[in-house]
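Each chain, written out:
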Protein chains: 2
Amino acid sequence: MPNADSFKRGTVEIAVLAVLREEDLYGYQIVQRIAEKSDGFFTLPLGTLYPVLYRFVESGYISDRDEIVGKRLRKYYHLEASGKDYYAALLAEYRKTARGVELITRGCESDET
Amino acid sequence: MPNADSFKRGTVEIAVLAVLREEDLYGYQIVQRIAEKSDGFFTLPLGTLYPVLYRFVESGYISDRDEIVGKRLRKYYHLEASGKDYYAALLAEYRKTARGVELITRGCESDET
DNA sequence: GTTAATATCTTGCGTCGCAAAATATATATT
DNA sequence: AATATATATTTTGCGACGCAAGATATTAAC
């Protein structure tokens with residue numbers, strides 16, 4: 001196997017933006033939502049999520065606001081217009097790569113001799 | 001955009017193994033063949049290819065033999081049985097990830113408001 | 001004879017997913 | 001009441017790999 005995370009490069013960004021398209025969410029919730037929607041395939045650890053969120057905030061793709069629930073801080077993240085554009089570009093690029101893989105593997109299915 | 005190579009992580013291995021499934025090839029030829037088959041999408045530089053080949057030889061997935069053409073050395077690479085298995089595993093894993101992306105982006109198409 | 005294509009190989013950089021750990025509150029178990 | 005588990009944010013540092021860049025040498029084109 002290649003490194004387990006090889007194929008996931010970039011898909012984490014797609015996943016985060018995808019769930020934020022639907023609703024503002026806080027970090028912990030983002031992880032859960034992604035796990036649900038991807039049928040348990042993407043189970044990103046928080047150490048993966050937060051750096052992505054910070055990068056996105058700095059890039060202006062998302063914004064954050066604090067809410068206090070009980071004594072607990074929740075930082076909600078909101079997808080901005082530029083983030084939607086970025087998401088569209090990412091998704092297009094991912095699919096282009098996926099098509100490339102299909103092309104290159106055509107006639108080389110793993111079950112052929 | 002994410003780093004241009006993000007989505008290509010791991011796909012280079014798939015591409016190399018895919019073209020070697022069909023025929024023994026030498027390095028320079030592998031790059032050309034991959035470019036043809038992928039319709040120009042994968043244009044891997046030789047600095048990317050060779051380390052992959054060396055890794056594969058060391059893993060036993062491929063073997064190499066020298067051939068002298070004129071005064072020029074050509075190192076042909078041959079896919080071994082374990083390499084075929086590895087290829088099958090890789091491709092399955094890639095498609096699993098691609099399905100995950102489709103799931104997570106379902107209902108979040110980039111053209112929706 | 002000079003340029004361009006062919007061919008192999010090496011060095012080093014940057015990115016990013018993740019493990020691991022630190023910190024703190026809330027809920028459930030006993 | 002004490003303990004364990006779930007909730008929640010944050011930081012540090014590692015490892016893998018695609019690539020740019022460059023070194024070296026042969027062959028073909030002009």
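Look a little higher up for the structure.
We now turn to the structure provided with this report. From a predicted model like this one, the values you see are computed outputs, not experimental measurements. (Residues numbered from 1 in each chain as written. Chains lettered and ligands numbered in written order. Predicted model: local features only at pLDDT ≥ 70, side-chain atom pairs only at ≥ 80, totals over all residues. Heavy atoms only, no water.)

### Side note on the interface of chain B and chain A
- The interface of chain B with chain A comprises 45 residues on the first partner and 45 residues on the second.
- Contact between chain B and chain A buries roughly 4200 Å² in total, counting both sides, with carbon and sulfur atoms accounting for 66%.
- For the pair chain B and chain A, the number of links is two salt bridges.
- Close ionic contact of Glu102(B) with Arg95(A) constitutes a salt bridge, the shortest N to O distance being 3.0 Å.
- Connecting chain B to chain A are six residue pairs in polar contact (both at pLDDT 80 or more).
- When contributions to the side of chain B that touches chain A are tallied by element, the ones reaching two or more residues are helix H1 (11-22), helix H2 (27-37) and helix H4 (81-105) of chain B.
- The leading source of residues in the side of chain B that touches chain A is H4(B), at 18 residues.
- In terms of residue class, the side of chain B that touches chain A is made up of 23 nonpolar, nine polar and 13 charged. (Contact = heavy atoms within 4.5 Å. Buried area = accessible area lost by both parts, 1.4 Å probe. Salt bridge = Lys/Arg side-chain N within 4 Å of Asp/Glu carboxyl O. Polar contact = N/O pair within 3.5 Å; in protein donor to acceptor, adjacent residues only side chain to side chain. Helix = DSSP H or I, 4+ residues; strand = E, 2+ residues; numbered from the N terminus. Nonpolar A, V, L, I, M, F, W, Y, C, P; charged D, E, K, R; others polar.)

### Details of the packing of helix H2 (residues 27-37) of chain A against helix H3 (residues 46-59) of chain A
All names here are of chain A.
- Running from N to C, H2 and H3 point in directions that differ by 115 degrees, and their axes come no closer than 10 Å. Handedness of the H2/H3 crossing: right-handed. Facing Gly-27, Tyr-28, Ile-30 and Val-31 of H2, the residues of H3 in contact are Leu-46, Leu-49, Tyr-50 and Leu-53.
- Looking at the contact of H2 with H3 residue by residue, the class counts come to seven nonpolar, one polar and no charged. (Axes fitted to C-alpha atoms, helices over the stretch in contact; angles between N-to-C directions. Left-handed = near helix turned anticlockwise from the far one by under 90°.)

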